[in-house]
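One-letter residues, chain by chain:
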Amino acid sequence: MAGFELHDYLDGEAFFDSMAEDAREGLTATPKHLPPKYFYDERGSILFEQITELPEYYPMQTEASILATIAPQLIASMAPREIVELGSGSSTKTRILLDADKAASVQRYVAFDVSESIIRSAAEDLQRLHPNLYVYGMAGDFNRHLVAIPPASGKRLVLFLGSTIGNLHAEERVRLLRGIANLLGRDDRLLLGMDLVKDVGVLERAYNDSQGVTAAFNKNMLNVINRGLDGDFDPDAFEHRAVFNRELSRIEMHLRPSTRQVAHLKAIDLTVEVTPDETIWTESSYKFTPDSAKAMLQQAGMQLDAWYTDPKRYFALVLASCVG
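What counts as what
Residues numbered from 1 in each chain as written. Predicted model: local features only at pLDDT ≥ 70, side-chain atom pairs only at ≥ 80, totals over all residues. Heavy atoms only, no water. Core = buried A, V, L, I, M, F, W, Y, C linked by side-chain atoms within 4.5 Å. Buried < 20%, exposed > 50% of the residue type's maximum accessible area, 1.4 Å probe, protein only. Helix = DSSP H or I, 4+ residues; strand = E, 2+ residues; numbered from the N terminus. Contact = heavy atoms within 4.5 Å. Expected span 1.5 Å × (residues − 1). Pairing = 2+ DSSP bridges. Axes fitted to C-alpha atoms, helices over the stretch in contact; angles between N-to-C directions. Arc of directions from axis to C-beta. Salt bridge = Lys/Arg side-chain N within 4 Å of Asp/Glu carboxyl O.

## Remarks on the nonpolar core
Judged by nonpolar contacts, the single largest core of 40 residues is most densely connected at Leu27, Ile225, Leu229, Phe233, Phe238, Leu265 and Ile280. Take this core: its biggest share by element is seven residues, from helix α8 (residues 213–229). Not counting chain neighbours up to four residues away, the residues in contact with Phe233 comprise Leu27, Leu222, Ile225, Asn226, Phe238, Ala263, Leu265, Val272 and Ile280. Core analysis: the next-biggest nonpolar cluster, separate from the first, contains 32 residues, Val84, Val110, Met194 and Ala320 among them.

Encoded structure:
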């Protein structure tokens, strides 16, 4: 039966406490850092959607192409009753799967994202195209609120796309995948998007686009911190920087001030000084190989069932299940 409900787990007090802890810890550390979850206020979500359409940003287009190729067979063979998507955003890729669902096996879609407004917008679009779909929206932090995902309504396919797994460090990735494994029954599957190790020029261009959208997205984090903690960072005083760390197979994204900056976060009584010879590290985006992907899944108690990639081997979709 069609319908829509939305559950918001990001209540104001809990969100403030989380941001306050992250800012106090990260902005007094060496190097200074903030977690990428603070990219995604309403403006940040819109900017990220724009990034995914940039010619330099291959992950979105490549992943969507792979998904379109495998969707008919995947949906027909698995016939899931439910799709759960972590970091659902505008749910564009889920539409590919739903459009391939000729038997209309999918009855419920659980959309999990940090932005309540984008969940609502995506739900309206999906239900216009698929009138019999029930959308269960969850505004939350997947590092904290996976346990709130409702019990499965039938065979479940969990989506974690866009290589968001790459934003987490090794121990965080394994911990999250173990949480996802707890959502899976014997016949359920995880479809995981992973960006692959490739030419450094291709990687760095994807995070330094010529239109400056990624720079605006990165700087917008300071607006989010200002608004949440009554701060006075000047985003325009910082420049965006993204480089590939070969040793650790990751893109590192930073904000570097052009001159000495002093910001006050009045809500937590914190003064932050950032000089031109240091940065605020805002994101790591790890890149994978088949071997590193398989090892990561094994550490989380999962197994790699299928590996799908594009002709250039830029990106991969991995189908995984629980061991045993």
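## Here we look at α8
Because each turn of an α-helix spans 3.6 residues, side chains separated by three or four positions in sequence point in the same direction. Compared with an ideal rise of 1.5 Å per residue, which puts 17 residues at 24 Å, α8 spans 25 Å between its outermost C-alpha atoms and is within 8% of the ideal. When we look at burial in α8, the residues that qualify are Val213, Thr214, Ala215, Phe217, Asn218, Asn220, Met221, Leu222, Val224, Ile225, Asn226 and Leu229. Just downstream of α8 lies Asp230, where phi reads positive at about 55 degrees.

## Some words on the sheet that holds strand β2 (residues 32–33)
Read from one edge of the open sheet, four strands run β2-β12-β9-β8, paired in mixed fashion. Both edges of this open sheet fall to β2 and β8 (238–245), since each of them pairs with a single strand only. In terms of strand pairing, β8 meets strand β9 (residues 250–257) through eight bridges, oriented antiparallel. Bridging from a neighbouring strand, His240 pairs with Leu255 of β9.

## Let's talk about the sheet that holds strand β4 (residues 108–113)
Taken in spatial order, the eight strands line up as β1-β5-β4-β3-β6-β7-β14-β13 in an open sheet, and their pairing is mixed. Bordering the open sheet on either side are β1 (3–8) and β13 (302–309), each of which pairs with just one other strand. Neighbouring strand axes in the sheet, compared pairwise and without regard to direction, differ in orientation by 20 degrees on average. Most of the contacts of helix α3 (residues 58–78) go to strand β14 (residues 315–322), to which it runs at about 40 degrees, and overall it touches β6 (156–160), β7 (189–195), β13 and β14.

## A closer look at helix α5 (residues 116–129)
The end-to-end C-alpha distance of α5, which contains 14 residues, comes to 20 Å, matching closely the 20 Å that a straight helix rising 1.5 Å per residue would cover. Within α5, the full set of buried residues consists of Ile118, Ile119, Ala122, Ala123 and Leu126. For α5, the angular spread of the buried residues around the axis is 135 degrees, confining them to a single face. Along α5, the residues that are exposed and aim more than 90 degrees away from the buried face are Glu124 and Arg128. Tucked inside the fold, the buried residues of α5 contact β1, α2 (42–51), α4 (92–99), β4 and β5 (134–139).

## What about the pattern of salt bridges?
Going through the model one piece at a time under the given rule, you end up with 16 salt bridges. Here Arg108 ties to Glu82 by a salt bridge, and the two come within 2.4 Å at their closest N and O atoms. Within this pair, whereas Arg108 is found in strand β4, its partner Glu82 is found in strand β3 (residues 82–86), the two being separated by 26 residues in sequence. Bridged by salt links that share partners, the residues Asp22, Lys37 and Asp141 form one connected network.

## Structural notes on unusual backbone geometry
Residues Thr30 and Pro31 are joined by a peptide bond in cis, for which omega reads -5 degrees. Positive phi, close to 55 degrees, is recorded for Asp230, a residue that is not glycine. For Asp230, the position within the fold is in the loop between α8 and β8.

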